[in-house]
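Notes for the structure review
Chain by chain, the residues:
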Amino acid sequence: MKRLLLLLGLITFCAVAYAQTPVVQNCGTVEQDAINRLKYPQMGTQDDFENALRRKIVEMDVLRKAGRTEATIITIPIIVHVIHTGEAVGTGLNISQAQIQSQIDVLNEDYRRKAGTPGENDNPVGADIGVEFCLSPVDEDGNPMAEPGIDRVRGANTTWTKNQIEGTLKPQTIWNPNLFFNVWTVKFGGTDANLLGYAQFPDQSGLAGLNDIGGPSSTDGVVVQYSSFGSIDKGSFPVMVAAAPYNHGRTLSHEAGHWLGLRHIWGDGPCASDFVDDTPTQHTENRGCPTSKLSCDGVNVEMPQNYMDYSDDACMDIFTQGQKARILAVLEISPRRKQLVTANICSTSASAPPVASFTSDKQNVLRGGEVSFTDLSSNFPTGWSWTFEGGDPSSSNLQNPHVKYPNPGVFKVTLTSSNSKGSSNTLTVDAYITVSEEGLCSTVTNFKDTYTPSVLKLKDFVADSIGYLTGHNNVGTKAMSEFFANAQGYSYISSVNIKFGKVYSTAEDATVTVTVWNARGVQNGPGSIIEQKTVLLKQIQDDVAAGRATSVSFDRETPVFSKPYHVGVELTYEGDTLAVESSANGEATNSTSWVKNVHDTWTPFAIARGANIAMNISPVVGMNPSVQVSASKVFVNPGETVVLNAHGASIFTWNSSDNTIQNISGPQITVRPVETTTYETAGSGLELCNAKVSTTIFVREGAIAGMYETNNEDVTVYPNPGTNSLNVRFVNAYRGDVQVQVRSILNQAVRSTSINKSEDLFESNIDTSALGSGVYIVAIKIGDSCSYVKWIKN
């Protein structure tokens, strides 16, 4: 069991004010959930969750009405992590077993609508949820616990903020959330000192990333203020110091409701929906215990007695039939919630052989990809025998193995688990893993080989217009994008190849912006920007002249989280002209190309212009990282300093087209190109999709930055270009020391000499045989003045 503390996870939290005289109650569940879904797009949208839940509720209702279901009591095992600072049990933060048991009693009264308890009600829509909670009789290894369901942890802090809890406390103390409902008791502090508790919504997905440490599984559970945990109705507890109205144990009843998928009864907005039909539509949260406040329809009365309101503890006494249906649906579709129920830990410790069961972080995998398997067998197995058809390894005795699949196909997985009572059934799941033809690294495009490369005029689609359909025009097109469904589930984009058909620039430093958007806009249109890269039109001009696509490498590995995305170009209107190559009209019929008009509205080209096209845009995608390089500048004066930073690998080697950089190692280099130069970066040390990337720095015509020619010397360096030696010559009246240095393009002295000048003619020969080919600067200091001359070695 883990005891010390680290890391940031995923939460949705509900916070209720805590004070001697409570005035404010705060809850950020929905707001935080929205933030989480942006941070972890693998979760899908809240609409995805609600749609899946709605379908399951309808399905369960049909079965119930057909008499094909029977009422059963679901029992959920709880592990309470009591976070203390070394106090004796029953004092301070180290709350007593009796106080903890009083909280479990309240949960069961509320969720079972028990007669003769504060959880009883006679409301016709009131429901016995059919869910009970037990303090787990066994630990993670199946051993009996001296204090059932209680894990006492001496923490590093006296008080805790949400960030500390999510980033440090939870990930290092959580028990397997597939087997236990994790609850933490803490003393909140800092900016969160007023909290009573918060919860994490259930996840409806089994997608990769959501079952890994650092994702939602490492933070799954509920956190409650230690002094509001339990009920004064059940006894006198020394640390039950919370004043009314938060001392009857309803904080956990409320937060467990969130953990089981319930929303606030007022829908977190004025007269908003909580997605439950039999709860009244409320204007906002209730405080205290109003009895006759009318709901938004002006006819029915609000329901402050509902556990998902903000009413006083003593007022709460109802879950509705609609809320019950929602909870039971969550227990069917949320992977960890469902498995936690089927594990049946509350019954006893291992008293029978296991029943084999398992899950994995993915079932569809790219060729060469890895699958992480998790054993979910009941009755605490101590031995495992796996076989993986098509896998590497093909068998394993580990509890939670990791398996690679090098070849495409559809493969079965087999598990037999065992404990001291015997072996389980042999569980074989046919066609469990599907491995696609696509590898871990690929280039994707909607532009088929059979399409006709075209640069379409807008006038052929919009009367009296000028310019290009997929570029600058007189109707002010702001951007174009290409939609990629990402059916293979690739995680990253490292770069993109865009074939431009037309380009004209009015300025040497004119640029265009290449952008990656998520596909969360209307009807899968472009949504939020994920990444952008500024590209010189000068580069595009060179590529168009050479008939090649423009390769745009992003500064970082751009995450798309296995979800659909868009890649395209944003336009500004400063006299430049640019057009992306597309297919001929009518060749593409999937409406993958989108356009953003002058009013910032995105629409498929097929609708906006009646054009059935695909643009020649090809993202370079993968599951593994690639070498990425960022440049401090891409268009500079001669000799101007540019810093290049590499990412994605652990070892980097640099070379340049002008040979001034040769096999230099390190993640960063500083260069001073005097002519347009391409720097090649090679990475190693990790399994990479793209191990090499090219970065071109364009250099203006002109004098070398930071250097100047003297007015009183006519310095000659010859031969130029040269080979194994160079000569420096000038004539003037100066007498004294002359210093000559040969400096690399990185401004490092590679040859130096000092010679006394005693006559008008100065001439010196410098051996350069040990220098590599490339561009150098010869610096000559004559008294207080300097001359700089570019010298090239062949």
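In the block above lies the structure referred to throughout.
Quantities reported herein were computed from a predicted structural model and do not represent experimental measurements.

**What to know about the environment of valine 413**
Positionally, valine 413 belongs in strand β13 (residues 409–419). Valine 413 gets classed as buried once you look at its relative accessible area, which sits at 0%. The sequence separation of valine 413 and serine 394 amounts to 19 residues, and the corresponding C-alpha distance is 9.6 Å. Discounting residues that sit within four places of it in the chain, valine 413 has contacts with Phe358, Phe373, Trp386, Thr387, Phe388, Tyr405, Leu427, Thr428, Val429, Tyr432 and Ile433.

**Looking at the state of the cysteines**
This structure, assessed with the given rule, holds 4 disulfides. Across a sulfur-sulfur distance of 1.8 Å, cysteine 134 and cysteine 346 are joined as a disulfide pair. Residues cysteine 134 and cysteine 346 share a disulfide whose torsion about the S-S bond is about -90°; that sign makes it left-handed. Of this pair, cysteine 134 sits in strand β2 (residues 131–135) while cysteine 346 sits in the loop between α7 (335–343) and β7 (358–360); the two residues are 212 residues apart in sequence, bridging distant segments of the chain. For cysteine 134, a relative accessible area of 14% puts it in the buried group. A sulfur-sulfur distance of 2.2 Å marks the disulfide that ties cysteine 289 to cysteine 315. Across the disulfide from cysteine 289 to cysteine 315, rotation about the S-S bond amounts to roughly 65°, and the bridge is consequently right-handed. On the criterion of sequence distance, the pair formed by cysteine 289 in the loop between α5 (250–259) and α6 (321–333) and cysteine 315 in the loop between α5 and α6 is long-range, its members being 26 residues apart. By relative accessible area, which is 8% here, cysteine 315 ends up buried. For the chain, the bonded cysteines pair up as 1-6, 2-4, 3-5, 7-8 when numbered in the order they occur along the sequence.

**Describing the nonpolar core**
Counting residues in hydrophobic clusters, the biggest one holds 37 residues, and the most contacted among them are Val569 and Leu578. With sequence-adjacent residues up to four places away left out, valine 569 is seen in contact with Lys478, Ala479, Met480, Ile498, Phe500, Val512, Thr513, Trp517, Leu578 and Val580. Leu93, Tyr111, Leu262 and Leu340 belong to the second-largest nonpolar core, a separate cluster that totals 36 residues.

**Here's the deal with the sheet that holds strand β16 (residues 441–443)**
If you walk across this open sheet you meet the 4 strands as β16-β27-β18-β22, and the pairing is antiparallel. Of all strands in the sheet, those with a lone pairing partner are β16 and β22 (550–559), marking the two edges. Between one strand and the next, the sheet's axes are offset by a mean angle of 15°, whatever the strand orientation. With 3 bridges connecting them, β16 and strand β27 (residues 617–622) associate as antiparallel partners. Among the inter-strand pairings, threonine 443 is bridged to a residue of β27, identified as valine 620.

**Quick look at unusual backbone geometry**
In this model, aspartate 392 is joined to proline 393 through a cis peptide bond whose omega is 10°. Within the secondary structure layout, proline 393 lies in the loop between β10 (383–388) and β11 (395–396). Note the cis peptide between tyrosine 718 and proline 719, where omega equals -15°. By secondary structure assignment, the location of proline 719 is in the loop between β36 (716–718) and β37 (725–731). Positioned with a positive phi, alanine 431 is a non-glycine residue whose angle comes to about 50°. Tracing the backbone through its elements, the reader meets alanine 431 in strand β15 (residues 427–439).

Each value, and the rule that gives it
- As a convention, each chain's residues are numbered from 1 in the sequence order in which they are written.
- Predicted model: local features are reported for residues with pLDDT of at least 70 only, side-chain atom pairs are reported and counted for 80 or more only, and whole-chain, interface and lining totals are derived from all residues.
- Only hydrogens and water are set aside when side-chain values are computed; all heavy atoms of the structure are taken into account.
- Labels follow the DSSP assignment, with helices taken as runs of H or I lasting at least four residues and strands as runs of E lasting at least two, numbered in each case from the N terminus.
- Whether a residue is buried, partly exposed or exposed follows from its accessible area with a 1.4 Å probe, protein chains only, as a fraction of its type maximum: under 20%, in between, or over 50%, in that order.
- Contacts are residue-level and defined by heavy atoms, with any inter-residue pair within 4.5 Å sufficient.
- Here, two cysteine sulfur atoms that lie within 2.5 Å of each other are counted as a disulfide.
- Joining through side-chain atoms within 4.5 Å is the link that ties buried Ala, Val, Leu, Ile, Met, Phe, Trp, Tyr and Cys residues into a set, and such a set is a nonpolar core.
- We treat two strands as partners when DSSP finds at least two bridges between them.
- To define axes, lines are fitted to C-alpha atoms, for helices over the stretch in contact only, and angles between the resulting N-to-C directions are given on a 0 to 180 degree scale.

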